[in-house]
Amino acid sequence: MVAKVPRNFRLLEELEKGEKGLGADGCSYGLQDGDDVMMSNWNATILGPPHSTHENRIYSLKIHCGDSYPDEPPVVHFISKINLPGVDPNNGRVGINLDPSEMSLLTCALEKVDLLKLGRVSQWSRDNTMEKILVALREHMASPNNRKVHQPPEGTTF
């Protein structure tokens, strides 16, 4: 039987990896407030993937890890405006109002993570991380169906 790593130990591991820049290229993350002892609120950035309408853009996100993280996925919002299936166009929340056709397109990008399918929590695993979510979103941005989608003016926010 494998021991279950407590929430704060897990978040400390993710914080250390994020602060040391050991994460994936094109994504970064860290605590919103260094005094947040519960490590609940995080900031993140995704560099727009090359050869897409997102190229040379920097997207800001906020991530909230609730008391049940990592047993339950965090809540992720884009701060920077983006047109992307699976992102609510009114508030930037990831995983809202995704119709079945968009879900099947996104599933390909998220299969490695088995994350939210951006509409419904399906096979979230406590082995998933904030970094894996960011990487999956970046891959979704670069997918053939999304790389040419018209984007709001750079610098606009939700």
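Residues numbered from 1 in each chain as written. Predicted model: local features only at pLDDT ≥ 70, side-chain atom pairs only at ≥ 80, totals over all residues. Heavy atoms only, no water.

Identification of the chain as UBC core domain-containing protein from Tuber aestivum is taken from an unreviewed UniProt entry.

*Asks:* Just checking my understanding: could you explain the packing of aromatic side chains for this structure?
*Replies:* The geometry of an aromatic ring pair is captured by the separation of the ring centres together with the interplanar angle, meaning the angle of the planes. Evaluated as defined, the whole model comprises two aromatic pairs. Relative to Trp42, the ring of Tyr29 has its centre 6.4 Å away and its plane inclined at 45°; by these criteria the two rings are tilted. With a gap of 13 residues between them, Tyr29 in strand E1 (residues 27–31) and Trp42 in strand E2 (residues 41–47) connect regions that are remote in the sequence. Taken individually, Tyr29 and Trp42 each receive the classification buried, so the pair is uniform in this respect. Taking the centre distance of 6.2 Å and the plane angle of 90° together, the rings of Tyr59 and Phe78 count as edge-to-face. Of this pair, Tyr59 sits in strand E3 (residues 58–64) while Phe78 sits in strand E4 (residues 75–78), and the two are 19 residues apart along the sequence. (Phe/Tyr/Trp six-rings, centres within 6.5 Å; stacked < 30°, edge-to-face > 60°. Helix = DSSP H or I, 4+ residues; strand = E, 2+ residues; numbered from the N terminus. Buried < 20%, exposed > 50% of the residue type's maximum accessible area, 1.4 Å probe, protein only.)

*Asks:* Would you explain the side chain of Ser52 in this entry?
*Replies:* Mapped onto the elements of the fold, Ser52 is located in the loop between E2 and E3. Its relative accessible area of 11% is what places Ser52 among the buried residues. Within polar-contact distance, the side chain of Ser52 engages the backbone oxygen of Pro49 at 2.6 Å. (Polar contact = N/O pair within 3.5 Å; in protein donor to acceptor, adjacent residues only side chain to side chain.)

*Asks:* Explain helix H3 (residues 130–142) to me, please; I cannot follow it from the model alone.
*Replies:* In an α-helix, one turn spans 3.6 residues, which is why side chains three or four residues apart end up on the same side. In this model H3 runs 19 Å from its N-terminal to its C-terminal C-alpha over 13 residues, within 8% of the 18 Å that 1.5 Å per residue would give. Within H3, burial applies to Met130, Glu131, Ile133, Leu134, Ala136, Leu137, Arg138, His140 and Met141. (Expected span 1.5 Å × (residues − 1).)

*Asks:* Would you mind going over a nonpolar patch on the surface with me for this structure?
*Replies:* Together, Val5, Phe9 and Leu12 make up a nonpolar patch on the protein surface, roughly 270 Å² of accessible area in all. Within the secondary structure, Val5 sits in the segment before helix H1 (7–19). (Patch = residues over 30% accessible without salt bridge, like charges linked within 9 Å, V, L, I, M, F, W, Y side chains within 5 Å. Areas by Shrake-Rupley, 256 points an atom, 1.4 Å probe, with all protein chains shown as cover. Salt bridge = Lys/Arg side-chain N within 4 Å of Asp/Glu carboxyl O.)

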